[in-house]
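Examination of the molecular architecture
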Amino acid sequence: MTHKFVLEDAFGRVSADLNGVPDLQIACGHILNLLDETKDVNLRHLTFGMLKNASLADDELTAQAIAYLSGDVVRALKMCFEFIDEENRIFHISPSDVRNAERFGEFFHPEKGEAVPDFQNKVYVYFMPSWLTSEESDC
Amino acid sequence: MGHVENGLKALRARGYSFRMLGAHLRANEIPSAQGWPRLLEKHKHDPGDTAVTTRWCAVLSDILNGSVRYGDRSVSVYEFPDRSVVDLAALTVQSRVDPNSLYATAFPVPLSQPLLGTLSSDPVFTKVEQFGSGSVRLLACVKRFVRSREEISVGDLPDGLRAQFSDFQEVIGVRCGYVQGVDAIVIHPSAKRIEIHIDHCCPLNTDELILARRRYVVQLQRWLAEARGVPEVLLPTPRNWFPSIQPLYNSPDGKVTNLGHSTASASVKDERMRRRTDDLRQEPFHVGGLAGVQNATNLYSITKAWTGASDVKTSPAVTIPGHFSMVGSQSPNIDFVMLTGCDSSSDFDLLMSKLL
């Protein structure tokens, strides 16, 4: 789906669906404006902090806005994951690998193949617009 | 233990990239799994069909043979004004292999930890290979020491010990072990060049690398002196790679993933891309930054990657690992390069073609 189509759709849904929650509607609008006004190359690694700055909202409202915008209905944002090991190497991991790790309580280093202790504290979330793809992962 | 499981354990002992192994297994329709423990469990028993077992073992053997020759390594290059010494080196190494050594009889399969523990840390020349071009590769197996740090869960300790550590929030253990490295002296008479490859099957700092390399330099010099009947033959100074950093950056092919540089505006930058597939030279902050300092910056380290030619998607990469202090030196010198992510001779040759 194209950038323009996704954003038009997202703005429309925010306007229609979130009338009863004006704070959330405004926060979502600010984030969508960020996606609209920024070049794609500068949207490839959006942290929670960046989205919070854009939303002009507190942590809780920002999290709700992100959840809404990355949900099944709007799909303007997608959630991506990276694992940073003890040598500060960065590995992009798929949402399915994260789900498996959570389900089985075990995560294996993508390069070393060995179990990673305390992996929950070494896997980080970031976001991208849904229309961007990454060669390295299914994010 | 099955033959396939043995093959996988040999790769695990070498620290072979699990990501690349997964790609190989999928490409060859061999069952894969997440993580070594699950993979080994899956292949605990060989397939019932002997032909399938043979095919799978052949795939794993190819991977292992590629790994010991082209796996992550530092390469030092010695260039000669004429080929006489290089020709002599190619001849003299032919008779240096001990075919009866424990390493040679098991090669390329690494020896077990307990067996490695009984051996000296001296390299043992294990195999010599000759190529149609006249080049010769002399492989040496060597025991390397590794230390790993692991968190110890206080809750898992016996009662008495647990009480002793009750005031500690974290308990870290340091485990010492061995890894079998496979180094190489590679001699190219037609190119008037000798290379020394140090296998980075385990982490090696610069001092350890130089020490490992020195043993081969000294040994080769002794052999050449013997062959010539003279007291001493010295290898030339290894090639300095510092001047290659800027041309690598400037050449538009490949992707620059890491760059160290020191700007005329008095800052030191260590830049890297999060993804192996991205090129720093197109990253907006980097481009804007260079424009901001009017390109007045001195490069001191670089990692550049290319797409490999093999069926498995590899990203072989060259690293020239300098330090920011070098830009202040009149004659900065980096006398080795790191070659990583190679899975085959075509990957390795690709990198060497970019350097030489």
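For the structure, see preceding data.
Since this is a predicted model, take the numbers as computed values, not measurements.

All names here are of chain B. Direction vectors running N to C along helix H5 (residues 84-92) and helix H9 (residues 206-228) enclose 100°, while the axes themselves pass 10 Å from each other. The angle between H5 and H9 falls in the class roughly perpendicular. Residues Ser84, Val85, Leu88, Ala89 and Thr92 of H5 form the contact with H9, whose own contacting residues are Leu220, Trp223, Leu224, Ala227 and Arg228. The residue makeup of the contact of H5 with H9, split by class, is 7 nonpolar, 2 polar and 1 charged.

Turning to the sheet that holds strand S2 (residues 124-130) of chain B, a few remarks are in order. All names here are of chain B. Pairing is antiparallel in the open sheet, where 10 strands are placed in the order S2-S3-S4-S5-S1-S10-S9-S8-S6-S7. Looking at strand neighbours, the two that pair on one side only are S2 and strand S7 (268-272), the edges of this open sheet. Adjacent strand axes in the sheet meet at a mean angle of 25°, parallel and antiparallel pairs treated alike. Bridging between strand S8 (residues 297-305) and strand S9 (residues 317-320) involves 4 bridges; their strand directions are antiparallel. Directly across from Ile302, in S9, lies its bridge partner Ile320. Its contacts with the sheet place H5 against strand S3 (136-152), strand S4 (171-188) and strand S5 (193-199), and it is angled at close to 115° to S4.

We now examine the pattern of salt bridges. If you walk through the whole model with that rule in mind, you get 28 salt bridges over all chains. Residue Asp9 of chain A pairs with Arg13 of chain A through a salt bridge whose shortest N-O separation is 3.2 Å. Taken as a pair, Asp9 of chain A and Arg13 of chain A lie in helix H1 (residues 3-17) at a separation of 4 residues, close to a single helical turn. A residue is classified by how much of its surface remains accessible, and Asp9 of chain A, at 28% relative accessible area, is partly exposed. Look at Arg13 of chain A and you get partly exposed, because its relative accessible area is 32%. The partner of Glu195 of chain B in a salt bridge is Arg193 of chain B, with the nearest N and O atoms 3.0 Å apart. Within this structure, Asp85, Glu86, Glu87, Arg89 and Lys112 of chain A form a network of salt bridges that share partners.

Another point: H9 of chain B. All names here are of chain B. Given a rise of 1.5 Å per residue, 23 residues ought to cover 33 Å, and the 32 Å separating the end C-alpha atoms of H9 matches this to within 8%. Looking only at H9, the buried set comprises Leu209, Ala212, Arg213, Tyr216, Val217, Leu220, Gln221, Trp223, Leu224 and Ala225. Tucked inside the fold, the buried residues of H9 contact strand S1 (73-79), H5, S2, S3, S4 and S5. Measuring from the backbone nitrogen of Asp207 back to the side-chain oxygen at the start of H9 gives 3.1 Å, which picks out Asn205 as the cap. Gly229 occupies a position one or two residues after H9 and carries a positive phi of about 70°.

On to unusual backbone geometry. Glycine aside, the phi torsion of most residues is negative, and most peptide linkages are trans. Look at the link from Phe107 of chain B to Pro108 of chain B: it is a cis peptide, with omega at 5°. Of note, the phi angle at Arg75 of chain A is positive, near 55°, even though the residue is not glycine. Following the sequence through the fold, Arg75 of chain A ends up in the loop between helix H4 (59-69) and strand S1 (77-84). At Lys192 of chain B, a residue that is not glycine, the phi angle is positive and equals roughly 55°. Within the fold, Lys192 of chain B resides in the loop between S4 and S5.

Taken as a whole, the second largest pocket holds about 570 Å³ of empty space. For the second largest pocket, the lining is made up of 22 residues, of which Val41 and Arg44 of chain A together with Met273, Arg275 and Glu283 of chain B are closest to its centre. A breakdown of the residues in the lining of the second largest pocket according to their chemical character gives 6 nonpolar, 7 polar and 9 charged.

A word on the sheet that holds S1 of chain A. All names here are of chain A. Strand order in the open sheet made by the 3 strands is S2-S1-S3, with antiparallel pairing throughout. Two strands bound the open sheet, and with one partner strand each, they are strand S2 (90-93) and strand S3 (123-129). Neighbour-to-neighbour, the strand axes of the sheet open up by a mean angle of 35°, direction not taken into account. In terms of strand pairing, S1 meets S2 through 4 bridges, oriented antiparallel. Bridge assignment links Phe83 to a residue of S2, and that residue is Phe91.

Quick notes on the rules
Residues numbered from 1 in each chain as written. Chains lettered and ligands numbered in written order. Predicted model: local features only at pLDDT ≥ 70, side-chain atom pairs only at ≥ 80, totals over all residues. Heavy atoms only, no water. Axes fitted to C-alpha atoms, helices over the stretch in contact; angles between N-to-C directions. Helix = DSSP H or I, 4+ residues; strand = E, 2+ residues; numbered from the N terminus. Parallel < 35°, antiparallel > 145°, perpendicular 65-115°, else oblique. Contact = heavy atoms within 4.5 Å. Nonpolar A, V, L, I, M, F, W, Y, C, P; charged D, E, K, R; others polar. Pairing = 2+ DSSP bridges. Salt bridge = Lys/Arg side-chain N within 4 Å of Asp/Glu carboxyl O. Buried < 20%, exposed > 50% of the residue type's maximum accessible area, 1.4 Å probe, protein only. Expected span 1.5 Å × (residues − 1). Polar contact = N/O pair within 3.5 Å; in protein donor to acceptor, adjacent residues only side chain to side chain. 1 Å grid on protein atoms, 1.4 Å probe; cavity = no way out; pocket = protein on both sides within 12 Å on 5 of 7 lines; lining within 4 Å. Points joined across faces, edges and corners; volume = space filled by probe spheres on them.

Read these as spatial facts, not as claims about activity.
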